[in-house]
Amino acid sequence: MGEFDDILFGDHEILWIPGPTEMYPEIRAALARPTIGHRSQACKDLMLRCRDKLAPLFGTTQHVLFESVPATALWEAAIRNLVPKRSLHVHCGAFSERWAKVARACGREADEISVPWGQANRPDTLRAKLAESSYDAVCLIHNETATGVTNPLRELASVVREQPDTLVLVDAVTSFSGIPIDFDELGIDLAFASAQKCLALPAGFTVYALSDRALERAATAEGRGWLLDFVRAQEGLSKGESVATPSIPHLYALELQLDRIAAEGLDARYARHQAMATRMRSWAGDRGFAMFSEAGFESDTTSCVAAGDLDVAWFVKELRARGKFISNGYGKLKGQTFRIGHMGDHGEAQLEELLSDMDACLVQRGSPT
Ligand SMILES: Cc1ncc(COP(=O)(O)O)c(C=O)c1O
């Protein structure tokens, strides 16, 4: 009996939060393989294979990298390597807002445009802002985890590309491998995602892609640090080397997961995420719940549902008693929304099990289902 007994159910509690998410048994087994030396040829080969297998997920033939850090470190690295003076943060919720705070903490001028939470950022507003002032980079969020909004990345990136010297930096943390990114086609300069979201691996590892022009910018940047110096990282990985000792369990599991993703097919994987999101929305509508996210911009990986008069803390607790963990609203939305992360290796059959438990809770509460 241990300290987690109150949250365990059967084998373990099933995570439906927007990351960390469930991991396949084979992935958990890969994490437990004996370690290898990080400077061995086997490790070099493993790193190079992971790099090459990640490229199609970004949609890039440019530079793919990874580091044993959470994605928060990439917010900071993006600023240190790519923003000498000023960044513009286009935000629509708690996570995209935080990137601006990180930029200021790094001593940069961070300007912002925002929309009320629940709405998506608009290309026209961005174009008007860029006409007023110039920036080293525009920081976009693809999928805002706090509000379940997927931004129109293609349109936003294309507005930034109208400015020849402004880089397009994208937080793809809760979209990567669940919603297409099309890095090269959209002219993105940096996109990154941590492993505990749609990649369905443990937290503490981040994958990213860099454009040629981003690397050129980084090469001229002062004070870009050490571990997350993009130039050092790229030169190292081109030879299968890491700046510091990498998380080798993550590399084992990443390669296996990338093979599993290739076997499923990227289009099928995106379609599976879309099908779960569609089902989630129809469940909510049928039960009289509105989606918190603006119509037409609802996420395929993270559903954010307006709770109405449902006691969210009670709902989350009742579901946990049934072995399923969903999220309360984030930050100022706590108690007003609940969020379901249908990402990674979750499928429609498992979602039906969750929805039937959610219905059972609503019946217990006395709501019509
Ligand atoms: C959109 C988004 N960006 C960044 C982060 C931070 O990621 P990490 O916890 O891996 O640092 C999160 C975490 O949930 C997120 O949802």
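Let us look at the structure shown here. (Residues numbered from 1 in each chain as written. Predicted model: local features only at pLDDT ≥ 70, side-chain atom pairs only at ≥ 80, totals over all residues. Heavy atoms only, no water.)

## Details of the site of the ligand
Taken together, 14 residues surround the ligand, and among them Thr-72, Thr-145, Asp-171, Ser-194 and Lys-197 come closest. Here Ala-71 contributes a backbone N or O atom positioned 3.0 Å from an oxygen atom of the ligand. Between the ligand and the protein, one listed contact pairs an oxygen atom with a side-chain N or O atom of Ser-194 at 2.9 Å. Partitioning the shell around the ligand into residue classes produces six nonpolar, six polar and two charged. (Near = heavy atom within 4 Å. Polar contact = N/O pair within 3.5 Å; in protein donor to acceptor, adjacent residues only side chain to side chain. Nonpolar A, V, L, I, M, F, W, Y, C, P; charged D, E, K, R; others polar.)

## Describing the packing of aromatic side chains
Going through the model one piece at a time under the given rule, you end up with nine aromatic pairs. On the basis of an interplanar angle of 80° and a centroid distance of 6.5 Å, the ring pair of Phe-58 and Phe-183 is categorised as edge-to-face. Within this pair, whereas Phe-58 is found in helix H2 (residues 41-58), its partner Phe-183 is found in helix H7 (residues 183-186), the two being separated by 125 residues in sequence. The pair Phe-58 / Phe-183 is uniform in exposure class, with both members buried. Ring plane angle 90° and centroid distance 5.6 Å describe the contact between Phe-289 and Phe-338, whose orientation is recorded as edge-to-face. A residue pair is termed long-range when its members are at least 10 positions apart, and Phe-289 in the loop between helix H11 (266-286) and strand E11 (302-306) and Phe-338 in strand E14 (residues 337-341) qualify at 49 residues. In this pair, the class of Phe-289 matches that of Phe-338, namely buried. Members of the aromatic cluster, connected to one another through ring pairs, are Trp-283, Phe-289, Phe-315 and Phe-338. The cationic tip of Arg-33 hangs over the ring face of Tyr-252; the distance from NZ or CZ to the ring centre is 4.1 Å. (Phe/Tyr/Trp six-rings, centres within 6.5 Å; stacked < 30°, edge-to-face > 60°. Helix = DSSP H or I, 4+ residues; strand = E, 2+ residues; numbered from the N terminus. Buried < 20%, exposed > 50% of the residue type's maximum accessible area, 1.4 Å probe, protein only. Lys NZ or Arg CZ within 6 Å of the ring centre and 35° of its normal.)

## Here's the deal with the sheet that holds strand E2 (residues 63-67)
With respect to topology, seven strands assemble into an open sheet ordered E2-E10-E9-E8-E5-E3-E4, the strand pairing being mixed. Sheet topology places E2 and strand E4 (109-114) at the edges, where each strand pairs with a single neighbour. Taking each pair of neighbouring strands and ignoring which way they run, the sheet shows an average axis angle of 20°. Lying over the sheet, helix H3 (residues 72-82) contacts strand E3 (86-91), strand E5 (137-141), strand E8 (167-171), strand E9 (190-194) and strand E10 (206-210), oriented at roughly 160° with respect to E9. (Pairing = 2+ DSSP bridges. Axes fitted to C-alpha atoms, helices over the stretch in contact; angles between N-to-C directions. Contact = heavy atoms within 4.5 Å.)

## Remarks on the sheet that holds E14
What the three strands build is an open sheet, ordered E11-E14-E13; its pairing is antiparallel. With partners counted over all chains shown, the strands left at the sheet margins are E11 and strand E13 (327-328), one partner each. Of the strand pairs in this sheet, E13 and E14 are connected by two bridges, and their pairing is antiparallel. Directly across from Asn-328, in E14, lies its bridge partner Phe-338.

## Brief notes about the environment of Leu-355
Counting through the fold element by element, Leu-355 comes out in helix H13 (residues 348-365). Residues Leu-355 and Ala-284 lie 71 residues apart in sequence; the distance between their C-alpha atoms is 9.7 Å. If near-sequence neighbours (up to four positions away) are discounted, Leu-355 is found in contact with Arg-279, Met-280 and Trp-283.

## Remarks on the state of the cysteines
The full count for this structure, using the stated rule, is zero disulfides. No disulfide involves Cys-92; its sulfur sits 11 Å from the nearest other cysteine sulfur, which is in Cys-304. A relative accessible area of 0% places Cys-304 in the buried class. (Disulfide = S-S within 2.5 Å.)

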